[in-house]
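Descriptive analysis of the structure
Chain by chain, the residues run as shown.
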Amino acid sequence: MEREQLNAYAARVAQANRSELVVIIYEAFLDSVKDGREFLKEGDLPACRREIDRAKGFLTELMGSLDFRYEISHYLRRLYVFAYQELCQGVAEREEVRLSHASDIIEKLLPAFREVAAQDASAGVMANTETIYAGLTYGRGSLNENVDVDVNRGFQA
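Small disclaimer: the values here were computed from a predicted structure and weren't measured. (Residues numbered from 1 in each chain as written. Predicted model: local features only at pLDDT ≥ 70, side-chain atom pairs only at ≥ 80, totals over all residues. Heavy atoms only, no water.)

Looking only at helices and strands, the protein chain features five helices and two strands. Written out in order from the N terminus, the α and β elements of the protein chain read α-α-α-α-α-β-β. For the protein chain, the residues scored as buried account for 32% of the 157 residues in total. When contacts within the protein chain are restricted to residue pairs at least 6 apart in sequence, those whose partners lie at least 24 apart make up 57%. A total accessible area of about 10,300 Å² is found for the protein chain, and carbon and sulfur atoms account for 51% of it. (Helix = DSSP H or I, 4+ residues; strand = E, 2+ residues; numbered from the N terminus. Buried < 20%, exposed > 50% of the residue type's maximum accessible area, 1.4 Å probe, protein only. Contact = heavy atoms within 4.5 Å. Areas by Shrake-Rupley, 256 points an atom, 1.4 Å probe, with all protein chains shown as cover.)

Our focus in this paragraph is the layout of surface pockets. Its volume calculated, the largest pocket comes out at about 610 Å³. Lining the largest pocket are 19 residues, with V22, S65, L66, D67 and F113 positioned closest to its centre. Counting residues per element, the ones that place at least two in the lining of the largest pocket are α2 (18-42), α3 (45-64), α4 (71-92) and α5 (96-119). Element by element, the count of residues in the lining of the largest pocket is highest for α2, at five residues. Along the lines of polarity and charge, the residues of the lining of the largest pocket split into 13 nonpolar, three polar and three charged. (1 Å grid on protein atoms, 1.4 Å probe; cavity = no way out; pocket = protein on both sides within 12 Å on 5 of 7 lines; lining within 4 Å. Points joined across faces, edges and corners; volume = space filled by probe spheres on them. Nonpolar A, V, L, I, M, F, W, Y, C, P; charged D, E, K, R; others polar.)

Tracing the backbone through its elements, the reader meets S19 in helix α2. The residues touching S19, leaving out its near neighbours within four places in the chain, are V116, A117 and D120.

So, on to a nonpolar patch on the surface. A cluster of nonpolar side chains, Y70, I72 and Y75, forms an exposed patch at the surface whose accessible area comes to about 350 Å². Residue position: Y70 is located in the loop between α3 and α4. (Patch = residues over 30% accessible without salt bridge, like charges linked within 9 Å, V, L, I, M, F, W, Y side chains within 5 Å. Salt bridge = Lys/Arg side-chain N within 4 Å of Asp/Glu carboxyl O.)

Okay, the pattern of salt bridges next. Applying the stated rule across the entire model yields ten salt bridges. The partner of D53 in a salt bridge is K56, with the nearest N and O atoms 3.4 Å apart. Residue D53 and its partner K56 are located together in helix α3, separated by three residues, close to a single helical turn. Bridged by salt links that share partners, the residues E86, E93, E95 and R98 form one connected network.

A packed helix pair is summarised by two numbers, namely the angle formed by the two axes and the spacing between the axes. Running from N to C, α3 and α4 cross one another at 165°; their axes reach a closest spacing of 10 Å. Looking at the two axes, α3 sits roughly antiparallel to α4. The handedness of the crossing between α3 and α4 is left-handed. Of α4, the residues touching α3 (which contributes C48, R49, I52, A55, K56, L59, T60, L62 and M63) are Y80, V81, A83, Y84, L87, C88 and V91. (Axes fitted to C-alpha atoms, helices over the stretch in contact; angles between N-to-C directions. Parallel < 35°, antiparallel > 145°, perpendicular 65-115°, else oblique. Left-handed = near helix turned anticlockwise from the far one by under 90°.)

What follows is the structure, encoded as structure tokens:
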């Protein structure tokens, strides 16, 4: 992933609630696998491994956040484990189709998690973070981009 993409994810994470975090992890996983597949096609194995290792880290985070009091968590864990194994085998055997299997699983789950996130009105999980406001204004013959960062960190007496 490129630096701009990572910064965009970081900004989203800072303001996300629990449901939105899952969606962000899914999207970041898909981006990493896509990049890994491209590097594999190009023959750049170190870059491919770097991206697939990042994707495996996302899966590990998803597995670690499952709440096994709910039955669906057991099924999700199985899917995540299978996707993890496909990523490992895909890199080891240099088979792009295995990487594709892993991304197909997450792509099919993503719409459901987006729907859950859309219905979740809970507060963000990170407190005391920067709030980012962005917008565009139109001037005569120009387009102006405004970004205002409200820094509210640290101890307030």
